[in-house]
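Chain residues, written in single-letter form:
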Amino acid sequence: MHGRGAAFLASAARPEQFPCTPWPEIAFAGRSNVGKSSVINRLLCRQDLARVSSTPGRTRTINFYQVSEGRVFVDLPGYGYAKVSRSLKEAWWSLVETYLTQRTQLRGVIHILDARHPPTPQDRQLQSFLNAIGVPAQLVLTKSDGVPRGRRAAVRKIVAESLALPSPEAPSFFSAETGEGVPELWRAIEAYLRAPAGGAGKEQAMQKRQHPDSR
Ligand code: GTP
Ligand code: MG
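Described below are features of the structure shown in this document. (Residues numbered from 1 in each chain as written. Chains lettered and ligands numbered in written order. Predicted model: local features only at pLDDT ≥ 70, side-chain atom pairs only at ≥ 80, totals over all residues. Heavy atoms only, no water.)

**Here we look at the pattern of salt bridges**
Here the structure, examined in full by the defined rule, presents 8 salt bridges. Between Glu16 and Arg14 there is a salt bridge, with its nearest N and O atoms 3.1 Å apart. Residue Asp114 pairs with Arg31 through a salt bridge whose shortest N-O separation is 3.4 Å. Here Arg31 lies in the loop between strand 2 (25–30) and helix 1 (36–43) and Asp114 lies in strand 5 (residues 106–114), a separation of 83 residues in the sequence. The exposure class assigned to Arg31 is partly exposed, which follows from its relative accessible area of 22%. Look at the salt bridges and you will find they share partners, linking Arg31, Asp114 and Arg116 into a network. (Salt bridge = Lys/Arg side-chain N within 4 Å of Asp/Glu carboxyl O. Helix = DSSP H or I, 4+ residues; strand = E, 2+ residues; numbered from the N terminus. Buried < 20%, exposed > 50% of the residue type's maximum accessible area, 1.4 Å probe, protein only.)

Right, here's the structure in full:
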(Lines give C-alpha, C1' and ligand atoms only; values in the text may rest on other atoms or scores of the structure.)
(Ligands and ions follow the chains in the order given, each with its own letter.)
Protein backbone atom coordinates (compact mmCIF):
# COMPACT_ATOMS: atom_id res chain seq x y z
CA MET A 1 0.00 0.00 0.00
CA HIS A 2 1.22 3.50 -0.80
CA GLY A 3 2.40 5.33 2.26
CA ARG A 4 3.13 2.39 4.53
CA GLY A 5 6.53 3.16 5.99
CA ALA A 6 6.52 6.76 4.77
CA ALA A 7 8.45 8.98 7.15
CA PHE A 8 9.74 12.50 7.59
CA LEU A 9 13.33 12.71 6.39
CA ALA A 10 14.61 16.27 6.64
CA SER A 11 13.67 19.92 6.69
CA ALA A 12 15.95 22.33 4.85
CA ALA A 13 16.14 26.10 5.24
CA ARG A 14 19.43 26.14 3.31
CA PRO A 15 20.75 24.04 0.43
CA GLU A 16 23.45 22.53 2.68
CA GLN A 17 20.61 20.96 4.64
CA PHE A 18 19.24 19.02 1.65
CA PRO A 19 19.59 15.36 2.66
CA CYS A 20 22.31 13.23 1.06
CA THR A 21 20.03 10.53 -0.30
CA PRO A 22 20.32 8.43 -3.47
CA TRP A 23 16.58 8.08 -4.15
CA PRO A 24 14.58 9.80 -6.91
CA GLU A 25 12.46 12.74 -5.79
CA ILE A 26 9.08 14.20 -6.76
CA ALA A 27 8.49 17.80 -5.65
CA PHE A 28 5.12 19.42 -4.93
CA ALA A 29 4.89 23.11 -5.79
CA GLY A 30 2.19 25.74 -5.81
CA ARG A 31 0.99 28.87 -4.17
CA SER A 32 0.75 29.24 -0.46
CA ASN A 33 -2.20 27.36 1.08
CA VAL A 34 -3.21 25.76 -2.22
CA GLY A 35 -3.13 22.31 -0.64
CA LYS A 36 0.35 20.91 -1.36
CA SER A 37 0.80 19.15 1.98
CA SER A 38 -2.74 17.77 1.78
CA VAL A 39 -2.00 16.25 -1.65
CA ILE A 40 1.06 14.49 -0.19
CA ASN A 41 -0.90 13.18 2.79
CA ARG A 42 -3.74 11.94 0.59
CA LEU A 43 -1.40 10.19 -1.83
CA LEU A 44 0.25 8.42 1.08
CA CYS A 45 -3.03 7.70 2.92
CA ARG A 46 -1.67 9.53 5.93
CA GLN A 47 -3.53 12.09 8.00
CA ASP A 48 -0.68 14.26 9.11
CA LEU A 49 2.67 13.25 7.68
CA ALA A 50 3.05 16.60 5.90
CA ARG A 51 1.89 19.44 8.10
CA VAL A 52 -1.42 21.00 7.00
CA SER A 53 -2.37 24.41 8.29
CA SER A 54 -5.19 26.86 7.97
CA THR A 55 -2.69 29.73 8.08
CA PRO A 56 -1.18 30.47 4.67
CA GLY A 57 2.57 30.63 4.31
CA ARG A 58 3.38 28.25 7.14
CA THR A 59 5.73 26.02 5.20
CA ARG A 60 8.97 27.97 5.09
CA THR A 61 11.39 25.15 4.64
CA ILE A 62 11.73 22.45 2.02
CA ASN A 63 10.47 19.29 3.68
CA PHE A 64 11.60 15.87 2.52
CA TYR A 65 9.56 12.71 3.16
CA GLN A 66 10.75 9.25 2.43
CA VAL A 67 8.08 7.19 0.74
CA SER A 68 8.49 3.43 0.99
CA GLU A 69 10.39 1.70 -1.80
CA GLY A 70 13.17 4.28 -1.80
CA ARG A 71 11.46 7.35 -3.20
CA VAL A 72 11.23 10.82 -1.75
CA PHE A 73 8.41 13.38 -1.84
CA VAL A 74 9.44 17.00 -1.40
CA ASP A 75 7.05 19.64 -0.05
CA LEU A 76 8.17 23.05 -1.34
CA PRO A 77 7.28 26.33 0.38
CA GLY A 78 4.39 28.08 -1.34
CA TYR A 79 4.59 31.34 -3.26
CA GLY A 80 2.21 34.26 -3.51
CA TYR A 81 1.61 34.88 0.16
CA ALA A 82 1.27 38.63 0.44
CA LYS A 83 1.89 39.12 4.14
CA VAL A 84 5.61 38.47 4.21
CA SER A 85 8.44 40.84 3.47
CA ARG A 86 9.99 41.04 0.05
CA SER A 87 13.35 39.90 1.42
CA LEU A 88 11.77 36.78 2.93
CA LYS A 89 10.06 36.02 -0.40
CA GLU A 90 13.41 36.43 -2.16
CA ALA A 91 15.06 34.08 0.34
CA TRP A 92 12.37 31.40 -0.12
CA TRP A 93 12.52 31.66 -3.88
CA SER A 94 16.29 31.45 -3.86
CA LEU A 95 16.04 28.21 -1.85
CA VAL A 96 13.38 26.76 -4.19
CA GLU A 97 15.29 27.86 -7.30
CA THR A 98 18.44 26.18 -6.00
CA TYR A 99 16.48 23.01 -5.31
CA LEU A 100 14.77 22.96 -8.74
CA THR A 101 17.89 23.71 -10.73
CA GLN A 102 20.53 21.73 -8.84
CA ARG A 103 18.91 18.74 -7.24
CA THR A 104 19.99 15.81 -9.40
CA GLN A 105 17.56 13.47 -7.62
CA LEU A 106 14.57 15.51 -8.90
CA ARG A 107 12.52 13.59 -11.49
CA GLY A 108 9.42 15.74 -11.77
CA VAL A 109 7.27 18.43 -10.22
CA ILE A 110 3.60 18.19 -9.34
CA HIS A 111 2.43 21.77 -9.92
CA ILE A 112 -0.69 22.28 -7.86
CA LEU A 113 -3.35 24.85 -8.72
CA ASP A 114 -6.63 25.67 -7.00
CA ALA A 115 -9.50 24.27 -9.10
CA ARG A 116 -11.84 26.91 -7.68
CA HIS A 117 -9.86 29.92 -8.92
CA PRO A 118 -8.15 30.91 -12.17
CA PRO A 119 -4.33 30.55 -12.28
CA THR A 120 -2.42 33.51 -10.85
CA PRO A 121 0.48 35.35 -12.52
CA GLN A 122 2.79 33.49 -10.12
CA ASP A 123 1.35 30.15 -11.29
CA ARG A 124 2.16 31.16 -14.86
CA GLN A 125 5.68 32.19 -13.89
CA LEU A 126 6.39 28.90 -12.15
CA GLN A 127 5.09 26.99 -15.16
CA SER A 128 7.38 28.94 -17.53
CA PHE A 129 10.30 28.54 -15.16
CA LEU A 130 9.88 24.76 -15.04
CA ASN A 131 9.56 24.64 -18.83
CA ALA A 132 12.68 26.76 -19.21
CA ILE A 133 14.82 24.57 -16.98
CA GLY A 134 13.50 21.36 -18.53
CA VAL A 135 11.93 19.84 -15.42
CA PRO A 136 8.84 17.74 -16.28
CA ALA A 137 5.74 19.05 -14.52
CA GLN A 138 2.25 17.66 -14.04
CA LEU A 139 -0.52 20.18 -13.40
CA VAL A 140 -3.06 19.20 -10.78
CA LEU A 141 -6.26 21.12 -9.97
CA THR A 142 -6.86 20.44 -6.31
CA LYS A 143 -9.84 21.20 -4.07
CA SER A 144 -12.02 19.84 -6.89
CA ASP A 145 -14.66 19.00 -4.27
CA GLY A 146 -15.49 22.70 -4.56
CA VAL A 147 -16.17 22.52 -8.31
CA PRO A 148 -19.46 20.96 -9.45
CA ARG A 149 -19.19 18.40 -12.26
CA GLY A 150 -21.09 20.74 -14.56
CA ARG A 151 -18.33 23.36 -14.30
CA ARG A 152 -15.36 21.06 -14.89
CA ALA A 153 -15.08 21.65 -18.64
CA ALA A 154 -15.21 25.43 -18.18
CA VAL A 155 -12.50 25.26 -15.49
CA ARG A 156 -10.24 23.19 -17.74
CA LYS A 157 -10.74 25.72 -20.54
CA ILE A 158 -9.84 28.70 -18.32
CA VAL A 159 -6.71 26.96 -17.03
CA ALA A 160 -5.63 25.85 -20.51
CA GLU A 161 -6.06 29.37 -21.90
CA SER A 162 -4.37 31.05 -18.96
CA LEU A 163 -1.34 28.76 -19.09
CA ALA A 164 -1.33 28.40 -22.90
CA LEU A 165 -1.57 24.62 -22.64
CA PRO A 166 -1.70 22.58 -25.84
CA SER A 167 -4.75 20.68 -24.55
CA PRO A 168 -7.37 21.42 -21.89
CA GLU A 169 -7.14 17.73 -20.88
CA ALA A 170 -3.61 18.19 -19.49
CA PRO A 171 -4.43 19.14 -15.89
CA SER A 172 -6.18 16.56 -13.74
CA PHE A 173 -8.68 17.22 -10.96
CA PHE A 174 -7.77 16.17 -7.44
CA SER A 175 -9.32 16.41 -4.01
CA ALA A 176 -7.63 15.67 -0.73
CA GLU A 177 -11.13 15.62 0.77
CA THR A 178 -12.76 13.03 -1.49
CA GLY A 179 -9.74 11.22 -2.94
CA GLU A 180 -10.68 12.16 -6.52
CA GLY A 181 -7.69 11.92 -8.86
CA VAL A 182 -5.47 9.83 -6.57
CA PRO A 183 -4.90 6.88 -8.98
CA GLU A 184 -4.30 9.25 -11.93
CA LEU A 185 -1.73 11.26 -10.00
CA TRP A 186 0.05 8.12 -8.82
CA ARG A 187 0.30 6.99 -12.45
CA ALA A 188 1.95 10.31 -13.41
CA ILE A 189 4.34 10.05 -10.46
CA GLU A 190 5.28 6.45 -11.26
CA ALA A 191 6.05 7.49 -14.84
CA TYR A 192 8.38 10.25 -13.62
CA LEU A 193 10.07 7.86 -11.22
CA ARG A 194 10.68 5.32 -14.00
CA ALA A 195 12.21 7.95 -16.30
CA PRO A 196 16.00 8.23 -16.32
CA ALA A 197 17.60 11.14 -14.48
CA GLY A 198 17.38 14.27 -16.63
CA GLY A 199 19.07 17.53 -15.90
CA ALA A 200 19.11 18.86 -19.46
CA GLY A 201 18.56 22.56 -19.53
CA LYS A 202 18.98 23.06 -15.81
CA GLU A 203 22.20 24.98 -16.21
CA GLN A 204 20.34 27.72 -18.09
CA ALA A 205 18.31 28.36 -14.99
CA MET A 206 21.34 29.51 -13.12
CA GLN A 207 21.03 32.68 -15.14
CA LYS A 208 18.91 35.03 -13.08
CA ARG A 209 15.21 34.66 -13.83
CA GLN A 210 12.17 36.51 -12.65
CA HIS A 211 10.68 34.53 -9.80
CA PRO A 212 7.01 33.92 -9.02
CA ASP A 213 6.93 36.36 -6.11
CA SER A 214 8.59 39.29 -7.81
CA ARG A 215 5.39 41.13 -8.68
P1 GTP B 1 1.37 26.05 2.84
O2 GTP B 1 2.31 24.96 3.23
O3 GTP B 1 1.00 26.95 4.00
O4 GTP B 1 1.79 26.79 1.63
O5 GTP B 1 -0.04 25.34 2.48
P6 GTP B 1 -0.27 24.04 1.56
O7 GTP B 1 -0.22 24.38 0.13
O8 GTP B 1 0.60 22.90 2.02
O9 GTP B 1 -1.80 23.72 1.91
P10 GTP B 1 -2.37 22.72 3.01
O11 GTP B 1 -2.25 21.31 2.53
O12 GTP B 1 -1.79 23.05 4.34
O13 GTP B 1 -3.94 23.09 2.95
C14 GTP B 1 -4.37 24.40 3.14
C15 GTP B 1 -5.85 24.42 3.52
O16 GTP B 1 -6.63 23.90 2.44
C17 GTP B 1 -6.18 23.54 4.74
O18 GTP B 1 -7.17 24.20 5.50
C19 GTP B 1 -6.75 22.27 4.11
O20 GTP B 1 -7.66 21.58 4.95
C21 GTP B 1 -7.44 22.81 2.86
N22 GTP B 1 -7.46 21.81 1.77
C23 GTP B 1 -6.41 21.16 1.26
N24 GTP B 1 -6.78 20.31 0.27
C25 GTP B 1 -8.11 20.44 0.16
C26 GTP B 1 -9.09 19.82 -0.72
O27 GTP B 1 -8.83 18.99 -1.58
N28 GTP B 1 -10.39 20.26 -0.57
C29 GTP B 1 -10.75 21.19 0.36
N30 GTP B 1 -12.03 21.54 0.43
N31 GTP B 1 -9.86 21.78 1.20
C32 GTP B 1 -8.57 21.40 1.11
MG1 MG C 1 2.25 22.96 3.29
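Still more to cover.
**Here's the deal with the packing of helix 2 (residues 86–102) against helix 3 (residues 121–133)**
In the contact formed by helix 2 and helix 3, the axes pass within 11 Å of each other and the chain directions differ by 35°. Handedness of the helix 2/helix 3 crossing: right-handed. Contacts between helix 2 and helix 3 involve Trp93, Glu97, Leu100 and Thr101 from the first element and Leu126, Phe129, Leu130 and Ile133 from the second. (Axes fitted to C-alpha atoms, helices over the stretch in contact; angles between N-to-C directions. Left-handed = near helix turned anticlockwise from the far one by under 90°. Contact = heavy atoms within 4.5 Å.)

**What about the side chain of Asn41?**
By the element assignment, Asn41 lies in helix 1. Only 3.4 Å separates the side chain of Asn41 from the backbone oxygen of Gln47, close enough to count as a polar contact. Contacts of Asn41, omitting those with residues within four sequence positions, involve Arg46, Gln47, Asp48, Leu49, Ala50 and Val52. (Polar contact = N/O pair within 3.5 Å; in protein donor to acceptor, adjacent residues only side chain to side chain.)

**Notes on unusual backbone geometry**
One non-glycine residue, Lys143, adopts positive backbone phi at about 65°. On the secondary structure map, Lys143 appears in the loop between strand 6 (137–142) and helix 4 (152–162). Lys143 gets classed as partly exposed once you look at its relative accessible area, which sits at 22%. Positive phi, normally seen in glycine, also occurs at Ala164, with a value near 55°.

**A few points about the pairing of strand 4 (residues 71–75)**
Here strand 4 lies mainly inside the structure; 5 of its 5 residues are buried. Residues Arg71, Phe73 and Asp75 line one face of strand 4 and the alternating positions Val72 and Val74 line the opposite face, and both faces are buried. Taken together, the 5 bridges between strand 3 (residues 62–67) and strand 4 define a ladder with antiparallel strand orientation. Within the sheet, the bridge partner assigned to Tyr65 lies in strand 4 and is Phe73. Counted between consecutive antiparallel strands, the loop separating strand 3 from strand 4 contains 3 residues, among which Glu69 sits at a positive phi close to 65°. (Pairing = 2+ DSSP bridges.)

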